[in-house]
Amino acid sequence: MAAADLAQIPDVDIDPEGVFKYVLIRVHPASPSGTSAGECKEIVRGYKWAEYHADIYDKVSSELQKKGYGCECLGGGRISHQSQDRKIHVYGYSMGYGRAQHSVSTEKIKAKYPDYEVTWADDGY
């Protein structure tokens, strides 16, 4: 599994509207044979259907494991996505996984939504 395969995984997949939980996940090839430790990437996943941060992580990690990747959850928080105003705000934390590094999540979201105002804060739940 090469770094090119990791590029096939979208950096960001979040719901198009509303306030919802999100997790920051590190993805890497599952088989360590012949792969360098540097071959990994962080992805942002956030969905309204999730009651808990673990619901998102469990679903995403099981899908990625079927494709030959390993995952670890780096933390979570919430996203407020206001598509009409073209604004996304990242904040809060996960009781189970702790606070995600919102600055990392925000940079990935900015890359996917370049015409949005994307902000973050460590406060709130």
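- With an unreviewed UniProt entry as reference, the protein chain is termed 14 kDa phosphohistidine phosphatase, source organism Chinchilla lanigera.
- Per UniProt, the comment on the protein chain under Subcellular location (unreviewed entry) is "Cytoplasm".
- Under the Function (unreviewed entry) heading, UniProt states for the protein chain: "Exhibits phosphohistidine phosphatase activity."

1. A look at the overall build of the protein chain
Then, number 1: Check the secondary structure of the protein chain and you find three helices and six strands.
Then, number 2: Along the protein chain, from the amino end to the carboxyl end, the secondary structure elements read α-β-β-β-α-β-β-α-β.
Then, number 3: By its C-alpha atoms, the protein chain is 45 × 30 × 20 Å across when sized along the principal axes.
Then, number 4: By the burial criterion, 44% of the 125 residues in the protein chain qualify as buried.

2. A closer look at the UniProt feature "active site" (unreviewed entry) in the protein chain
Then, number 1: Mapped onto this numbering, the UniProt entry annotates "active site" (unreviewed entry) at His53.
Then, number 2: Among the residues examined, His53 registers a relative accessible area of 4% and is labelled buried.
Then, number 3: Beyond its immediate stretch of four places on either side in the chain, His53 contacts Lys21, Tyr22, Val23, Gly76, Gly77, Tyr93, Ser94 and Tyr97.

3. Overview of the UniProt feature "binding site: substrate" (unreviewed entry) in the protein chain
Then, number 1: The feature "binding site: substrate" (unreviewed entry), as given by UniProt, occupies Lys21 in the numbering adopted here.
Then, number 2: Owing to a relative accessible area of 12%, Lys21 belongs among the buried residues under this scheme.
Then, number 3: Ignoring sequence-local partners within four residues, the contact set of Lys21 consists of Arg45, Gly46, Tyr47, Ala50, Glu51, Tyr52, His53, Ile56, Gly77 and Arg78.

Procedures and definitions
Residues numbered from 1 in each chain as written. Predicted model: local features only at pLDDT ≥ 70, side-chain atom pairs only at ≥ 80, totals over all residues. Heavy atoms only, no water. UniProt positions renumbered as here; feature names shortened; annotations may be inferred. Helix = DSSP H or I, 4+ residues; strand = E, 2+ residues; numbered from the N terminus. Buried < 20%, exposed > 50% of the residue type's maximum accessible area, 1.4 Å probe, protein only. Contact = heavy atoms within 4.5 Å.

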